[in-house]
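Analysis of the macromolecular model
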Amino acid sequence: MRNISTTVITEKVSDLVKVTALYLRPDIMDFFKNAIIKEKDENAKKNLLKLIENAVTAQDKKVPYCQDTGFEIIFCEIGQEVHITDGSLDAAIQEGIKKGSKDGFLRQSIVEDPIIRKNTATNTPGIINYSIVEGDKIKFSCIAKGFGCENKGQVSMLNPTASINDIKDFVLKVIKEAGPNACPPFFIGIGLGGTMDKACELAKKALLEPVGKHNKKKHLATLEKEILTEANNLNTGPLGLGGNLSCIDIKIKEYACHIAGLPVAVNIGCHAVRTKTIVI
Amino acid sequence: MIIKINTPIAQHIINDLNSGDYVELTGTIYTARDQAHKKLTDAILANKSLPVPVNSVLYYAGPSPARPGEVIGSCGPTTSARMDQFTPLLVENGFKVCIGKGLRNKNVLKAIKKNKGLYLSAFGGCGALYHNKILKAECIAYKDLLSEAIFKLYVENFPAVVAIDSKGNDIFTKEPL
C-alpha cells in the first residue's frame, strides 16, 4: 500500500483548479495558430485573432481566459493500492477546489440549491467522479466547465437499429443549435452506448482528449472525422459570425450497449474548453 | 473597418450602424445578467425606481473577482438568449442598447426595431481581452448577487459586432422580420 495524505491531495487539487481555469490548453492554442494561417475568410481570421489575443492576455495578466471559470468537474482515478490518510478524500478534494478558486480569483458560480439559488461564495461543491483502477497512484483530471456551452448539450436515446447517418444527424443538429450562443469553435465530446447517464459521462470525459487524437476503433475514428467535416460546413465559424471553422475537434468515447437501445450524448465544449490532468 | 462610438450612443449614430459592423465602445456601461434582469423587470412592473439610469447600455456579464490592484477580473459576455424573456420590456423602458453574445428571439428583434435600438454581440469566451478594456468598475446594486450584481463600468475601445441594427437586421439569422 502507498499512503497519500489528504493534506497533499488538497494542495494538488487546489493548484490544478487554479491553473486549469486560467489558461487555454496548449494544444488548442497551437490549433488556433495553425487555423489562422489556413483561414481564408477575412472576418473569420479577424475573429480567430481575437481568441489568440484573449489567450495571450490571460497568460500575461493571470486573468481567467473566460469569466465563467466553470463548474469544477473532477475525475478521480484511484489506484487500488493507495491508502488515503488524515481524513475524508471527498472533503479534501472539495477543500482543494475552494482554495484553488480563492487563490486563483476564480468566479463564484455555484448556488447551493437549484430553486433557492443562494451563491455558496466558495465555488463549491464541485462534481467528483470516482473510479478505482490498478496501481498505487491517483489521477485527477479537472474540467472547468463553463455553462454557456454546457447548457447546449443534449442526449438522445436512439433505436438499436439506428444508422450511422441517424447518429450524425443528431450530433449535427446539436452542434447547429448550439450555434453562436455556445462560443464556437467547439470541442465536441460524444458518448455512444451504455445507459443515458453513462453516455453523458463518456461525452464529458471525451473533452479531456488532446486535439488530433482519434478513437482507436477505425469505424469510430472515421465517424469523428466525418462529423468534423460536416460540422465545419455549417458555416457557424468562430464566435458564430461565419467561416469554415465551427469545430476544433470531435471526440467519441464508447461503451457496450443494451440490445434495445443506442444512447448518444453530445457535450459541447466551447473554444475555452479548459482541462488538465495530474498524477500523484 | 472599426467604428468608434461613445456611450450613451446618440440616436443618429444608432441609426447609422448596420448589422455586421465592427465597433469599439468608449464610455459607461452597466453589467446586468439573469438575476439582475429579473430584479429590474420586477422594479419596472412595480413602478419602483431603478438603480441604473434609463438610456444606459446594458452588458450581459458577470465578472470574475479582481486581483489586488486590478480594476476587475475576467469580464466577457454571457449568453444573451437567457435574457430574451426580459429584454422587450427593458427596451420599451429606455434600455434600448444591449451587449451580450449570440442569438436573440423574434420578440427582442421586434422590440429593438420598434424602438430603434441596438444589440451588440461581444466576443464570447474572451473575458481576459475585455479585462483590458475596462478602466473603472464599481458595484452599484444587488451586491448580494456577487458576480451577478450590477457593476458600473467605464470602458475604452470595447470591441463588439453589431448583431441587430435599428432597422431590424440580424447578423445571425439573416431572416427578414
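Owing to the predicted nature of the structure, the values given are computational and were not obtained by experimental measurement. (Residues numbered from 1 in each chain as written. Chains lettered and ligands numbered in written order. Predicted model: local features only at pLDDT ≥ 70, side-chain atom pairs only at ≥ 80, totals over all residues. Heavy atoms only, no water.)

With that out of the way, let us pick up the overall build of chain B. In terms of regular secondary structure, chain B is built from five helices and seven strands. Starting at the N terminus and ending at the C terminus, chain B contains elements arranged as β-α-β-α-β-α-β-α-β-α-β-β. Summarising its shape, the C-alpha atoms of chain B cover approximately 50 × 45 × 25 Å along the three principal directions. Taking all 177 residues of chain B together, 59% fall into the buried category. By sequence separation, contacts in chain B at least 24 residues apart represent 63% of the contacts at least 6 residues apart. A total of about 7,000 Å² of accessible surface is found on chain B, and carbon and sulfur atoms cover 51% of it. (Helix = DSSP H or I, 4+ residues; strand = E, 2+ residues; numbered from the N terminus. Buried < 20%, exposed > 50% of the residue type's maximum accessible area, 1.4 Å probe, protein only. Contact = heavy atoms within 4.5 Å. Areas by Shrake-Rupley, 256 points an atom, 1.4 Å probe, with all protein chains shown as cover.)

With that settled, consider the sheet that holds strand β7 (residues 186-194) of chain A. Residues and elements named next belong to chain A. The mixed open sheet is built from four strands, whose spatial order is β6-β9-β7-β8. Across the chains shown, the open sheet's two edge strands, defined by having one partner strand only, are β6 (154-158) and β8 (247-257). Within the sheet, the average angular offset between the axes of one strand and its neighbour, ignoring direction, is 15°. One ladder, built from eight bridges, connects β7 with β8; its direction is parallel. By the bridge assignment, Phe186 is partnered in β8 with Cys247. Relative to the sheet, helix α8 (residues 218-232) contacts β7 and β8, its axis offset from that of β8 by approximately 145°. (Pairing = 2+ DSSP bridges. Axes fitted to C-alpha atoms, helices over the stretch in contact; angles between N-to-C directions.)

Where the parts come together, the accessible area they lose is often given as the size of the interface. Taken together, the contact pairs 38 residues of chain B with 36 residues of chain A. Between chain B and chain A, roughly 2,900 Å² of surface is buried when both sides are summed, and carbon and sulfur atoms account for 58% of that area. Taken together, the connections running from chain B to chain A amount to zero salt bridges. If you look at where chain B meets chain A, you find 17 residue pairs in polar contact (both at pLDDT 80 or more). Only α5 (127-131) and β7 (150-164) of chain B provide two or more residues apiece to the side of chain B that touches chain A. If you tally residues by element for the side of chain B that touches chain A, the top one is α5 of chain B, at four residues. (Buried area = accessible area lost by both parts, 1.4 Å probe. Salt bridge = Lys/Arg side-chain N within 4 Å of Asp/Glu carboxyl O. Polar contact = N/O pair within 3.5 Å; in protein donor to acceptor, adjacent residues only side chain to side chain.)

All names here are of chain A. The end-to-end C-alpha distance of helix α2 (residues 26-38), which contains 13 residues, comes to 19 Å, matching closely the 18 Å that a straight helix rising 1.5 Å per residue would cover. Among the residues of α2, those classed as buried are Ile28, Met29, Phe31, Phe32, Ala35 and Ile36. For α2, the arc enclosing every buried residue in end-on projection is 155°, short of the 170-degree limit, so these residues lie on one face. Exposed positions of α2 whose direction lies more than 90 degrees from the buried face are Pro26, Ile37 and Lys38. Lining the buried residues of α2 we find α3 (42-61), β7 and β8. (Expected span 1.5 Å × (residues − 1). Arc of directions from axis to C-beta.)

Within this model, the largest pocket holds a volume of roughly 950 Å³. If you trace the largest pocket, you find 42 residues lining it, with Ser109, Arg117 and Phe147 of chain A together with Arg33 and Glu148 of chain B closest to the centre. At the level of elements, α5 (147-150) of chain A together with α2 (34-45) of chain B are the ones that each hand at least two residues to the lining of the largest pocket. The residue inventory of the lining of the largest pocket, partitioned by class, reads 14 nonpolar, 13 polar and 15 charged. Computed from the structure, the second largest pocket encloses a volume of approximately 380 Å³. Pro180, Asn235, Thr236 and Gly240 of chain A together with Phe172 of chain B are, among the 17 residues lining the second largest pocket, the residues nearest its centre. For the lining of the second largest pocket, the class distribution of residues is eight nonpolar, seven polar and two charged. (1 Å grid on protein atoms, 1.4 Å probe; cavity = no way out; pocket = protein on both sides within 12 Å on 5 of 7 lines; lining within 4 Å. Points joined across faces, edges and corners; volume = space filled by probe spheres on them. Nonpolar A, V, L, I, M, F, W, Y, C, P; charged D, E, K, R; others polar.)

To continue, consider the pattern of salt bridges. Tallied over the full model, the rule gives 22 salt bridges over all chains. Linking Glu150 of chain A and Lys145 of chain A is a salt bridge whose minimum nitrogen-to-oxygen distance equals 2.9 Å. Measuring nitrogen to oxygen at the nearest pair gives 3.4 Å for the salt bridge that ties Asp34 of chain B to Arg33 of chain B. One exposure class covers both Asp34 of chain B and Arg33 of chain B, and it is buried. Among the charged side chains, a salt-bridge network with shared partners connects Arg33, Asp34, Arg82 and Glu148 of chain B.

Residue and element names in this part refer to chain B. Summed over all chains, the structure comprises six aromatic pairs over all chains. Summarising the aromatic geometry, the rings of Tyr59 and Phe158 are spaced 5.0 Å apart at their centres and angled 90° between planes, so their arrangement reads as edge-to-face. Here Phe158 lies in strand β7 and Tyr59 lies in strand β3 (residues 58-59), a separation of 99 residues in the sequence. Looking at Tyr59, the relative accessible area reads 0%, which means it is buried. Taking the centre distance of 4.6 Å and the plane angle of 45° together, the rings of Tyr130 and Phe158 count as tilted. Within this pair, whereas Tyr130 is found in helix α5, its partner Phe158 is found in strand β7, the two being separated by 28 residues in sequence. (Phe/Tyr/Trp six-rings, centres within 6.5 Å; stacked < 30°, edge-to-face > 60°.)

The subject of this paragraph is the sheet that holds strand β4 (residues 127-133) of chain A. All names here are of chain A. If you trace the four strands from one edge of the open sheet to the other, you get β4-β2-β5-β10, paired in mixed fashion. Of all strands in the sheet, those bounded by a partner on one side alone are β4 and β10 (274-279). Averaged over all pairs of adjacent strands, the angle between strand axes in this sheet comes to 15°, irrespective of strand direction. Bridge count for strand β2 (residues 71-79) against β4 is seven bridges, and the pairing is parallel. By the bridge assignment, Cys76 is partnered in β4 with Tyr130. Here helix α4 (residues 89-103) sits on the sheet in contact with β2, β4 and β5 (138-145), set at roughly 135° to β4.

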